[in-house]
Structure formats: structure tokens, C-alpha cells
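# Commentary on secondary and tertiary structure
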Amino acid sequence: MARFLARRLASSVLVLFTVSVLTFLIFEVIPNGNPALRLAGRTATSANIAAVEKAYGFNKPIYIQYLRTMGQIFTGKIVSYAQNLNVLSQLKQDLPVTASLVLGAAVLWTLLGILFGLVAGLNAGGKIDTGITVLNFVGISAPSFVIGYVLIYFLSFKFHVFPSSGYVGLSDPLGWADHLVMPWFSLAILYTGIYAQVLRASVVDTLGEDFVRTARAKGLSRRRVVIHHVLRTSLTQIVSLCGLDIAAVLGGSAIIIEVVFNLPGIGNYAAQSIGALDVPPVLVITMFGAFAVVVFSTIADVIYAVLDPRVRAGSSL
Amino acid sequence: MTALLEVEDLDVSFRTEEGVVRAVDHVSFSLQRGELLGIVGESGSGKSVTALSLMGLSRGPNASFSGRVMFGDLDLLTAAERQLERVRGRRIAMIFQDPMTALNPVHRVGDQIVEQIREHEGVSRRRALDRAVELLDRVGIPRARDRARAYPHEFSGGMRQRVMIAMALSCSPEILIADEPTTALDVTTQAQILAEIDKLRRDSGVGVILITHDLGVIADVADRVVVMYAGRVVEQGSLADIFYDPRHPYTWGLLGSVPRLDRARPARLPTIPGSPPSLLHPPAGCHFAPRCAWRFEACSGVPELSADDPEHTEHLGRCWLPLGLARARRVVDGSIGLPVAAAGDRAGTSSTA
Amino acid sequence: MVAGEPYTATSVTPYRLALRRLRHNYTALFFGFLFVLVVVICLLAPEYARYIAHTGPNDQHITDVLNINGKQVDVVSLTGVPIGPTWHSRFFLGADSFGRDLAVRLLYGGRTSLAIGAMATAVTLCLATVLGLASGYYRGWVDGVISRILDIVWAYPALLLAIAIGVSLATGGISIGPIVLNSGSIFIPTFIIGIVYVPYVARPIRAEVLALREREFVEAARALGFSNLKIMATEILPNLSSTIVVFAALQLAHSIILEAALSYLGAGVQPPASSWGTLLASGTPLFTVAPYLTLAPATLLVAACLGINIFGDGLRQALDPRGRVGVAR
């Protein structure tokens, strides 16, 4: 187990390093453009550009540039010239909002996805299954921001059930939840659909496995067979997905939902920066987004190894 | 003596994409206490479906059943799922062909036995574990207490099958159904497992239904034999009846196709020409007729399963051939078998629709 | 086949079997038809613009006045509120704040969205197949290198990576050797979307190739002296075809949605070109006064994706050799 962990961590570190290099390349080395101008932003003044050139060292060899950039980021000095803000401190401020959004939605979609997937899988081929499957597909096919607007239209605009925008901190738990219910559902619907489909397929597959037949032959109650044998096996797939999807949402749909519902989170910050073509925040957020994916995927792999002993024994997956 | 299990006219059909498949067609047999009944047939003969149906494990939205499976007062075929759950594992146990896939790979072996014990008997976890260890020891697994904490993939094939046997016997069932328990094992292990099953049967008096395609296995341990072909029983009787006085041409073919070490090598290994019929579009009349060298006009009607010899009323056969003719024709080249096929044996498929 | 004869097999290719199964899957067929319908009406955008709406996608009619059922209505009211759906040939779905015909813009935008989606899918499939084949077949260091690269690209959340590249290229475009793309070219979002999804398709393909290469027919081909390239092309690739086909359908839906998200955020299609994403971006600020500006592109987007998703799933079921026994859906 320890060896497995060590191997996994070593490969993660390598990936993280490569991610940092690649991000650096994307933003500063792509041909046809003045990187200093890019980093300084659309509204750059010549003073800004000069400052950028000094901080990032564009006339120096590439590896120096890379080190300078990383230095800027990790010592917290990286600054957005267009908005005159320290990127990292802004991120720190915005993190709780995004965390509330994403983690809350994750809990929601995991529970709902497992529930629907299990019911559909156990009734495979029947009407319940078809109904749930079509619902899943609607969930998958509707972009989250569309769902967001539809929810706002009906639940905020026409019938004043929830507030349509803004964020309230955890110090007021009811207000916090009140503002987050619609965003949570907007994010969760897509992944509920995905998880329900995945779990359904996994349940149907597992039901056909020999060991499930053995379990039934042992006279185990249906409930025990479903929970201890079928679900236990099918859940391992969901676990590895979950970690990755949280990271994917962090760097994806969360951005858009924060814009739609005007939640002052990292995603909203990213969106504003994109609109202004203000590069430093986008660079930092991109890199940390990828970091998050690597971290979460490592955690998911470790959990998977705990749940499935065959993984620990085997060498490669 | 009342039979332990009485199967009467069991009929099992499945609805598939391409039509209705009659997997089991009017199958009847009985199992006595302490006896080992062998069901022999090739793939697709319906033997596995029969076994699964005894415990209601083949039920599904596309399956239909008729007939009766009497276990004491209870008709297993129509029993409610709840009732069956109480029978399975406790009064009737089953072991399957492939022990690798039959055990749950993410649970420890000991826990899987404990699970069964605790489902049927309200004992504490520790007591159940002790019993599990004892069982593993009884089936010949060394260092049982340590091995109980191991996972299935850490055992060899033969050991895994022993674990399955231990699990099956954990609640002292009255019947053990073994579906091709040795097919996935090498010959040496096969012999060990069979010996194990036989020993346990003699020690505990459990009735065993052993399903196999291997006549050698049957000859080794069976008391009585049921021969199945394309969903129907074609012959059944005692071991001696089947091996020394076989009544049905298919049985002759099976016996004749076993390579003999005590004779000169034949030019070709004897086979039964042709292949089993499609159960979607079975032949009218006797299912074996298209491949039978001895078929005649009567064979276009389904023969009854009957005893031809008044002195052996337990020996039943499903063939139109009169007894004397059968006894004469079954000997080919000095031993029981089918006539060698003419040149151009189309064993298998042809390309015309 | 005559009952009673020994069973003889009729030769039916797996594709014909799949087609048969697909033909009976009415749900999949209906939704596939829905998708085709959306594609067709978008392709007919120029015809619609010329013969029905009598206006182009960028023609502004802010000061125009319409005659509807005898009443005179401003296309864009004095307070800046554009007209809603008239359900007539002109301004069928209404107008936007610049007085442009929404229905026309919707169809033209659809052409862009669908085109980008289709081309991006093609890019993804080509790259993923090549990479998956190479790394799965050759294994060794080739696999090591390719897998690492895929891992890296995969580590970036798709939207974020697409945004990053999109933003980076939006100021100034890109020129690599002979390839020059201006910042407004729609090939930029096309390639970005195409590349971003490569790991999601390449990895399953690699896994399948790894399994396929151990099969006996590959060993037989090698024994016959086939070169590696020939084996990959004639033995392995045909067995991948059903996987690739299913991925094509699913990736198309993903690509269309990613393009909408990218353009919505401003990192995808740039004006004056329009797509469903840009339409959504311009429509959402006016959501409370003119909801149809958002709902129209949203509906077509969902319809197209739903259609292709469900059809793709029906395709997957039809091609899956482990078909379910029982009454098909």
C-alpha cells in the first residue's frame, strides 16, 4: 500500500510540474504576439508594459522566464495590471464562495445520481428505467447556464421563491442556502444525469455477474444483495468519477454558474478577466484548476485502491 | 421413501430478441436422501437452466415456467421470492462452474462465508467466523484462520472451489447442486474436488445433484444418471443402467466418443455427426433424429420417456427403437457407440439459409 | 431455414445486426430525426433569410415599423425593448436590441455552432484514434510518452483549457509556419475544442487497442508477415469502428455545448461571426424583458444535443455485442 502511494505521488508531482510549464507556454510563448502586451492586458499603458517586462524578463532565456513566472505566482506577487489587484489575494477572498457552490452541488448530484441510477438499473428495461434515462439525457444535454436561466425565470422572476443573485456567507446558514439552492441544482443536473447513467450501466452489468448469482444462491435478502454486492462494486466507479468531476466543475461549469447567479467566486473572477482579456488571473486560475484535477484524481485513485484490493496488488492500471 | 426433491414436468422458456427459446422441455426426475444424481449433457442441453430453475435463480421478466418442483411440501417453482430466500443457502445450496468469478472479488473469503451463516442463523460474528474457519479447514485449506482473511484472487483455482464448497455447506443444507464444479480445473484438482464432494456427501448425508458434460466424472461418483439433449431428458437410470445397458442413441454416441486407452488407436476419433439443434426452431418430433443413424418414420413424432424393460422400471429412455433392436444396434466394432459417419461429415454449419 | 434440419448459420455481419436493432429502437430514431431536423433548418438559413424573412443576419432595423394585424408596432421600442415573437414571416421569433431578426440570426448562428461542432469532432476523432492506436499497439516508450501527454492535457478542465488557449489567441491570432489564423477565425475555437477533448477519447481507444492486440487474429496476422502498420489498419482499426462511431455522436454533442460555453464567455467565436453561444451571451442581459432572446437559442441547442445524445446512446446499444436479452426499448 505504501509503495502504491509513493508511486502515485511521484507521478502526480511530475504531472503538476509539467502542467505549470505548459500553462506558462500557453500564455507567454505562443507565437505571433507580444507576450508583455498580452500579460499587461487590453487596456495596458506603456508603464504597465514596462513593469511586465521587468517582472517576467521577456528578453531573458526561456527557462528564466518560466522561473520568474512561477516565482511571481508562488510568492503571491502576481498582479493584474488591468484591474490593479493582487491576483492571489483576490482568489483567497473568492474561494469560500466557489467551494460552497461546488461541494454543495457535488453532494447533491452524488446522492441523486446514485438514487436514480440504482432505481433505473434495478428496473432495467422497464418503464421506470426508460423514464429515468430520458430525464438523464435531458440533464446531460442542457447546458448548465441554460438551466440556470430557466430556474431564475420561474423560481425568481415569476414566483419569488429564491433570490436570483448574490451570495451570503456561512454566518447566516439559511441565507447561505437560500442563495445557493438554484445554483446547486443548475450545476447538479448535468452530473446527476451522468452519474445516474453510469451507475445504471454499472448496476446492470454487476447484476449479471457470477458473484451476484452466488449471493442470491446463498439466500441473502434482496436488500443485502443490492447494497453489499451490487452497489459496493458499482460505487467504486462513481468514486473515481466524483473526484475528477469536482475538479472539472471547479474549472468549468462553476465559472458560468457564478456568472449567471452573480456569485462572487473564482469563476466569476475568471469570467470578468476573460472578458477584459486580462491574462494574469486567467493564467493563475488555469494552472490551479489543473492542479486541483491532479490532486483530486490522486485522492480518487487512493480511495479506489482502498475499496478494491486487486488494484493494490497489480502494478499498472 | 419419499424423495428429497421431486421435479415433475419442468418446462422453462425464454423470450429473446429472435423468438421463444424452450430451454427445458418436460423434465422430470427425483433426488433421494444421500444419493448423488448426475445430470449429463453438452452445452445447450438445458442442464444448467434446470439447475438454476430449481432454486428460482433463472426467474426474470422474459422467463416462463410450468410444472412442479416439490421440496417436501413446498413447490419451489411457484414459491414467493421471500420463501425461496429462506431455502437458498440454508436447505439447498449451489456451487458454480467458475470459482474465480463466483466469489465477490472485493470481500474477504471468510467474510463471504460469515455473511451466509449470519443471514440464516442469528449467531454472533465471532461464532460465525469460527465456524467459517472450521469449514475451510474441513475442505482442506491449510492455515485456515489466516486464509480466511485473504481475498479470492489470492487463491488458486482448486482452492477457490474448495472455498465455494465450504461456503455451500456452511448451513448444513439438505441438497447440494454442483453446476460443472470441475470444468474449470485441471485433471488432478478435478479428482480432488470430486473426492471432496463425495466424502462430504457420505459424511453428512446431503443429496447432491452434479451437473457435467464429462462422463468420466459421472462414472466416478454418480449413483443415478439423467442424460439431457436439447432441453429434454433422453435417458435416465442407475449408473449401471446407463453405462452397461444404454438405451438411447445419443448415450451410445457419448459413450462411444470417449477415447479408449485399452484398444488400438482408431483412424479417427469417433464423434457424433452434426450439431445440436437451434432451440429457437427445434425439429418436430425427436430432437436427436436429424443426427441419428437409426432414424425412421416414427421419429417424426416425439417419443415418450418410458421404461422398455419390465425388470428395470427405473430405467427410462426416450426412443422409438424397440428394446431388442436397440441392444443389437448399439454395438459397433465390438463396443458401444454410433456407426462411423459417412465421408463428408458436415459437423457444424453449412452456408445455406 | 427449415425446422428439423440441422441448424445452419446464416451469415450476417455485425453491422447488419446492429442496423436491425437500431431500426427497432423507436426512441433513438425519433431523436436522431430531431437532430437531423435541426441541422436541415440551419443549413437552410440563407433560403430562410432571403425568401421568408427578407433580411440578413446582420441587418439592423432599429427604426423600422411593422404592420401586424393592422397595428403599427416599432421593431425596437423607444425604451429599447425589442419586439417579441410575431409568428409571422418577418421577425418570426422577434428582434434583438439592434433590430436584427432573431430567427435569421438563430439559423445562421446554428450553422456556425454545428459546423464548429462537427469539425472539432473530426479533429478529436482523428487525433485520438491515431494516438490511441499508436500508444496501445506499440506500447513501450511510445505509450509512455503519449500517455503522459494525454494525462497533462486531461488534467486541465476542458472549459478552462479552452478558455486559456482562446484568450491567449484572441489577441493576435496564431501563426505556426505556414498556418496563419487571425484572431477572429472560427478555426481557432474549432481546433481548441478538438484538441481539448482528445484525451477523453484517446484513453478508451488505447484501452481497447491494448485488449485487441492480444487477440489471436492479430497474432495470426503477424505470423503471416503483416507489417505493423498493415495490422493496425486492417485488423485493429475495423474492430474499433463501433467505438469510434459512438464517440463521434457523443463528442458532437459535447463540442456543440463547449462551443456555446466558450462563446458565451467571450473566448470562442468572436463578433461579427455569431453562434448559439454568442446569441446566448447577448440575450441573457435582457432576460427579464425579452426572455425569448435567450430561450430560442437555448431550445435549439438543447434539441440538437438531446437528439444526438439519445441517438448516440441507441447506436451504442445497437453495436454492443452483449445485447440485452428481452424486449428491446
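This is a predicted model, so every value here is computed, not measured.

### Considering the sheet that holds strand β1 (residues 5–16) of chain B
Residue and element names in this part refer to chain B. Across the sheet, four strands lie side by side as β2-β1-β4-β5; this open sheet has antiparallel pairing. Either end of the sheet is taken by a strand with one partner, and the two such strands are β2 (19–31) and β5 (74–75). When β1 meets strand β4 (residues 63–71), the two strands line up antiparallel, connected through seven bridges. Note on β4: the bridge partner recorded for Val7 is Val69. Against the sheet, helix α1 (residues 47–54) contacts β1, β2 and β4, and its axis sits at roughly 110° relative to β1.

### Some thoughts on empty space enclosed by the protein
Residue and element names in this part refer to chain B. Under the definition given, this model contains five cavities of 30 Å³ or more. Forming the boundary of the largest cavity are 15 residues, of which Pro249, Cys286, Cys292, Cys299 and Cys319 lie nearest the centre. Here the residues of the lining of the largest cavity sort into twelve nonpolar, one polar and two charged. There is about 60 Å³ of room inside the second largest cavity.

### Regarding the interface of chain B and chain A
Across the boundary between the two partners, chain B contributes 28 residues, which contact 21 residues of chain A. For chain B, the biggest contributors to the area lost against chain A are Val106, Glu115 and Glu119 of chain B; these three give 25% of the whole. Our enumeration of links across chain B and chain A arrives at three salt bridges. Where Arg224 of chain A meets Glu115 of chain B, a salt bridge forms, and the shortest distance between an N and an O atom there is 2.8 Å.

### Focus: the confidence of the model for chain A
For chain A, the mean per-residue pLDDT works out to 79, and 88% of the residues sit at or above 70. Across chain A, helix α9 (residues 210–217) of chain A holds the top mean pLDDT of 89, while helix α14 (residues 309–313) of chain A sits lowest at 62.

### As for the packing of helix α4 (residues 109–120) of chain B against helix α5 (residues 125–138) of chain B
Residue and element names in this part refer to chain B. Closest axis-to-axis distance for the α4/α5 pair is 9 Å, and the angle between their directions is 120°. Every pair of crossing elements has a handedness; the one defined by α4 and α5 is right-handed. Listed contacts from α5 to Val109, Gly110, Asp111, Ile113, Val114, Ile117 and Arg118 of α4 are Arg125, Ala128, Leu129, Arg131, Ala132, Leu135 and Leu136. Of the residues that constitute the contact of α4 with α5, the class distribution is nine nonpolar, one polar and four charged.

### Considering the packing of aromatic side chains
Residues and elements named next belong to chain B. What the rule picks out here adds up to twelve aromatic pairs over all chains. Geometrically, the ring pair formed by Tyr250 and Phe288 is edge-to-face, given 5.6 Å between the ring centres and 65° between the ring planes. Taken together, the residues span a long stretch of sequence, with Tyr250 in helix α11 (residues 249–256) and Phe288 in the loop between α11 and β11 (316–317) at a distance of 38 residues. Taken as a pair, Tyr250 and Phe288 share a single burial class, namely buried.

### Examining the interface of chain A and chain C
Many descriptions give the size of an interface as the accessible area lost when the pieces come together. The interface of chain A with chain C comprises 51 residues on the first partner and 44 residues on the second. At the boundary of chain A with chain C, total buried surface from both sides reaches about 4200 Å², with 78% on carbon and sulfur atoms. Between chain A and chain C we count zero salt bridges in total. At the junction of chain A with chain C, the criterion picks out four residue pairs in polar contact (both at pLDDT 80 or more). Every element with two or more residues in the side of chain A that touches chain C is listed here: α1 (2–28), α6 (127–141), α7 (144–158), α8 (173–207), α10 (222–250), α11 (253–260), α12 (266–275) and α13 (279–307) of chain A. It is α13 of chain A that provides the largest number of residues to the side of chain A that touches chain C, a total of nine residues.

### Regarding a nonpolar patch on the surface
Together, Val150, Phe154, Phe159 and Val161 of chain A together with Leu295 of chain C make up a nonpolar patch on the protein surface, roughly 420 Å² of accessible area in all. Within the fold, Leu295 of chain C resides in helix α12 (residues 292–319). When its relative accessible area of 34% is taken as the criterion, Leu295 of chain C is described as partly exposed.

### Section: the nonpolar core
Formed by 140 residues in total, the largest nonpolar core has its most connected members in Val19, Trp109 and Phe145 of chain A together with Ile163 and Trp276 of chain C. The element best represented in this core is α12 of chain C, accounting for 13 residues. Both domain 1 (2–74) and domain 2 (94–314) of chain A contribute no fewer than three residues apiece to this core. In this structure Ile163 of chain C touches Ile255, Ile274 and Val282 of chain A together with Leu262, Leu265 and Ala267 of chain C, once residues within four positions along its chain are discounted. Within the second largest apolar cluster, 103 residues are counted, among which are Leu54, Ile197, Val208 and Val234 of chain B.

### Examining helix α11 (residues 276–283) of chain C
Taking burial as the measure, the eight residues of α11 of chain C include six buried ones, the bulk of the element. Of all the residues in α11 of chain C, the buried ones are Trp276, Gly277, Thr278, Leu279, Leu280 and Gly283 of chain C. Looking at the buried residues of α11 of chain C, the elements they touch are α7 of chain A together with α2 (26–43), α4 (102–138), α10 (228–265) and α12 of chain C.

Each value, and the rule that gives it
Residues numbered from 1 in each chain as written. Chains lettered and ligands numbered in written order. Predicted model: local features only at pLDDT ≥ 70, side-chain atom pairs only at ≥ 80, totals over all residues. Heavy atoms only, no water. Pairing = 2+ DSSP bridges. Helix = DSSP H or I, 4+ residues; strand = E, 2+ residues; numbered from the N terminus. Contact = heavy atoms within 4.5 Å. Axes fitted to C-alpha atoms, helices over the stretch in contact; angles between N-to-C directions. 1 Å grid on protein atoms, 1.4 Å probe; cavity = no way out; pocket = protein on both sides within 12 Å on 5 of 7 lines; lining within 4 Å. Points joined across faces, edges and corners; volume = space filled by probe spheres on them. Nonpolar A, V, L, I, M, F, W, Y, C, P; charged D, E, K, R; others polar. Buried area = accessible area lost by both parts, 1.4 Å probe. Salt bridge = Lys/Arg side-chain N within 4 Å of Asp/Glu carboxyl O. pLDDT = per-residue confidence, 0-100. Left-handed = near helix turned anticlockwise from the far one by under 90°. Phe/Tyr/Trp six-rings, centres within 6.5 Å; stacked < 30°, edge-to-face > 60°. Buried < 20%, exposed > 50% of the residue type's maximum accessible area, 1.4 Å probe, protein only. Polar contact = N/O pair within 3.5 Å; in protein donor to acceptor, adjacent residues only side chain to side chain. Patch = residues over 30% accessible without salt bridge, like charges linked within 9 Å, V, L, I, M, F, W, Y side chains within 5 Å. Areas by Shrake-Rupley, 256 points an atom, 1.4 Å probe, with all protein chains shown as cover. Core = buried A, V, L, I, M, F, W, Y, C linked by side-chain atoms within 4.5 Å. Domains from an automatic or database assignment.

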